[in-house]
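Results of the structural survey
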Amino acid sequence: MDVIVPAIPGTYDGFRATLRAFIAEHKPTLAWKQRTGLRVPDRAADVELLRTYVRAIHDAGYVLDRFSAEPGDPHEQRILEQELVAAGVPHVLGNPLVAGALKHFGTDEQRSTYLPPMARGDHIWTQLFSEPDAGSDLTSLQTRAGRDGDDFVVVGQKVWSTWAQWSDYGYLLARTEPVEGPAGISAFILDMRSPGVDVRPLREMTGTTDFNEVFFDEVRVPAVNMIGAPGEGWRVAGASLAEERSNVGGAGGVDPVQRLVGLARRHNRGGRPAVEDGAVRQQIGGFAARSRIQRHLGQRMATKAMKGQITAADAPLAKIWFSELNLEMVEAALALQGARSMAVEGDELTVEDGRWQDAFLYARAWTIAGGSNEIMRNLIAERGLGLPREPRGQS
Ligand SMILES: Cc1cc2nc3c(=O)[nH]c(=O)nc-3n(C[C@H](O)[C@H](O)[C@H](O)COP(=O)(O)OP(=O)(O)OC[C@H]3O[C@@H](n4cnc5c(N)ncnc54)[C@H](O)[C@@H]3O)c2cc1C
């Protein structure tokens with residue numbers, strides 16, 4: 001058995017109780033409607049309330065391992081994660097994946113300058129990787145950073161930059177070296193308030209604005225803001241992308257099977273409660289089994305991480321499993337609502353104020369974020385099973 005979930009000793013009950021009371025006291029009341037997925041507040045006042053909340057947690061000594069140089073007590077870390085997630089409001093603002101890049105490739109000064117304010121919510125970050133013509137095939141990115149004295153000058157465009165509209169800093173990949181492909185890419189810390197940065201929010205089919213386009217018109221970035229060496233950006237990014245995938249895979253922590261059961265009790269199929277319909281029961285039973293496997297995949301990954309045995313195929317596997325199961329479950333939820341599934345948020349016939357319709361519209365995003373599931377399958381085949389690499393130029 002390669003899954004170990006050590007019980008949290010009873011001696012930690014006090015820690016949990018104190019933390020829970022602290023969170024309850026400081027948790028903000030937001031105007032922003034919480035939805036499933038990697039969602040972003042739609043008003044500045046809520047972003048400020050969230051910053052105050054994250055700051056209070058940090059200053060009380062509750063710091064997640066991802067932001068600190070030294071690992072904390074593992075049981076306290078688990079409790080911290082559990083309680084912060086249970087609070088139901090974001091406790092990490094922006095995209096914090098640059099933290100891993102700074103830990104592995106940053107200078108001491110970069111780490112001490114950027115990690116603490118990120119942990120405190122003082123600095124919100126966005127990830128500036130994808131471009132209109134470079135997503136899966138990220139090594140073909142075209143944003144350029146040319147050296148000019150003590151600076152680099154950045155010209156180009158990014159897209160799908162989550163949180164960019166509220167971000168203080170960007171984790172940028174740009175081409176600095178006179179070679180095509182991965183060896184030409186470097187990673188940078190970019191001050192989002194620099195002259196020449198233009199952030200344009202994108203409205204999605206969910207009706208919300210979680211992504212942005214970001215344009216760079218001769219933006220000056222000090223050379224000391226490079227993370228790692230020139231041409232090392234692809235290696236730097238590799239560390240953060242692996243972390244992103246494992247987070248997406250783990251995002252299904254809240255088991256929605258019980259919610260589906262609730263829906264099936266409240267809605268009718270053929271004039272009787274849907275829970276009495278054999279096909280519905282079969283379907284929900286299948287989801288329950290697959291949800292259990294999903295939890296085990298998450299725990300297996302955590303166990304392998306504890307032992308330093310994570311492989312390149314682990315996070316992709318968990319990510320595919322979660323995102324495809326999630327997609328099927330939200331589709332089933334809409335089917336259970338019958339004609340009412342057409343009613344979205346704001347309509348008087350809406351079920352649960354449109355949470356399922358929003359989750360349905362968002363569900364595809366999980367199959368794409370952090371690398372599409374097709375790319376994940378390629379990774380499993382090539383790196384996990386040692387199958388021949390996909391020929392270049394066929395993507
Ligand atoms: C919720 C969410 C948040 C995101 N946040 C950010 C962010 O903050 N910063 C950022 O930089 N990016 C972000 N992205 C962008 C994300 O990284 C890209 O969408 C993703 O890498 C896919 O790239 P693409 O959209 O250009 O699709 P493409 O690469 O154009 O792919 C289109 C289709 O072709 C398929 N395909 C492509 N190549 C292959 C191949 N070799 N074999 C088989 N099939 C292939 C893909 O699977 C996909 O179905 C986010 C995306 C989502 C959904």
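Of regular secondary structure, the chain possesses eleven helices and ten strands. Taking 2.2 N^0.38 as the reference for a compact globule, 395 residues should give roughly 21 Å; the C-alpha atoms of the chain span a radius of gyration of 22 Å, in line with that estimate. Across its three principal directions, the C-alpha atoms of the chain cover 75 × 55 × 50 Å. Burial analysis of the chain (395 residues in total) assigns 35% to the buried set.

Each domain of the chain was delimited in the assignment, giving domain 1 (10–93), domain 2 (125–230) and domain 3 (255–384). Its C-alpha centre places domain 2 at a distance of 32 Å from the equivalent point of domain 3.

Bringing the nonpolar core into the picture now. Formed by 55 residues in total, the largest nonpolar core has its most connected members in Ala-101, Leu-172, Leu-173, Ala-187, Phe-188, Leu-190 and Ile-227. Lining this core are residues from two domains, each supplying at least three of them: domain 1 (10–93) and domain 2 (125–230). Every residue in contact with Leu-172, bar those within four places of it in the chain, is listed here: Leu-128, Ala-187, Phe-188 and Leu-190. Judged by nonpolar contacts, the second largest core, of 28 residues, contains Leu-260, Leu-263, Leu-325 and Phe-360.

This part covers the packing of helix α7 (residues 257–266) against helix α8 (residues 278–306). Between two packed helices, the angle of one axis relative to the other and the distance separating the axes together describe the packing. Closest axis-to-axis distance for the α7/α8 pair is 10 Å, and the angle between their directions is 170 degrees. Classified by the interaxial angle, the pair formed by α7 and α8 is roughly antiparallel. Side by side, α7 and α8 meet where Val-257, Leu-260, Val-261 and Ala-264 of the first sit next to Val-280, Ile-284, Phe-287, Ala-288 and Ser-291 of the second. Of the residues in the contact of α7 with α8, the class split is eight nonpolar, one polar and no charged.

The phi torsion at Glu-218 lies on the positive side, around 50 degrees, for a residue other than glycine. Note that Glu-218 resides in strand β7 (residues 211–222). Since 11 C-beta atoms lie within 10 Å of it, Glu-218 is described here as exposed.

Here the focus is the packing of α8 against helix α9 (residues 314–337). At their nearest, the axes of α8 and α9 sit 10 Å apart, and the two run at 155 degrees to each other. Here α8 lies roughly antiparallel to α9, going by the angle between them. Judged by the sense of rotation from one axis to the other, the crossing of α8 with α9 is left-handed. Taken together, the residues of α9 that come into contact with α8 (itself represented by Gln-283, Phe-287, Arg-290, Ser-291, Ile-293, Gln-294, Leu-297, Gly-298, Met-301 and Lys-304) are Asp-314, Ala-315, Leu-317, Ala-318, Trp-321, Phe-322, Leu-325, Met-329 and Ala-332. Along the lines of polarity and charge, the residues of the contact of α8 with α9 split into twelve nonpolar, four polar and three charged.

In this model α9 runs 35 Å from its N-terminal to its C-terminal C-alpha over 24 residues, within 8% of the 34 Å that 1.5 Å per residue would give. When you tally the buried positions in α9, you get 17 out of 24 residues, the bulk of the element. Where α9 terminates, the next one or two residues include Gly-338, which has phi positive at roughly 55 degrees.

Let's shift gears to α7. Every buried residue of α7 is listed here: Leu-260, Leu-263 and Ala-264. Down the axis of α7, the buried set is contained in an arc of 100 degrees. They therefore lie on one face. Turned more than 90 degrees from where α7 packs its buried face, Gln-258 and Arg-265 sit exposed. Structurally, α7 contributes buried residues whose contacts are with α8 and α9.

Thresholds, definitions, all that
- Residues numbered from 1 in each chain as written.
- Predicted model: local features only at pLDDT ≥ 70, side-chain atom pairs only at ≥ 80, totals over all residues.
- Helix = DSSP H or I, 4+ residues; strand = E, 2+ residues; numbered from the N terminus.
- Rg over C-alpha atoms; globule rule 2.2 N^0.38 Å.
- Buried ≥ 20, exposed ≤ 12 C-beta atoms within 10 Å, placed from the backbone.
- Domains from an automatic or database assignment.
- Core = buried A, V, L, I, M, F, W, Y, C linked by C-beta atoms within 7 Å.
- Contact = placed C-beta atoms within 7 Å.
- Axes fitted to C-alpha atoms, helices over the stretch in contact; angles between N-to-C directions.
- Parallel < 35°, antiparallel > 145°, perpendicular 65-115°, else oblique.
- Nonpolar A, V, L, I, M, F, W, Y, C, P; charged D, E, K, R; others polar.
- Left-handed = near helix turned anticlockwise from the far one by under 90°.
- Expected span 1.5 Å × (residues − 1).
- Arc of directions from axis to C-beta.

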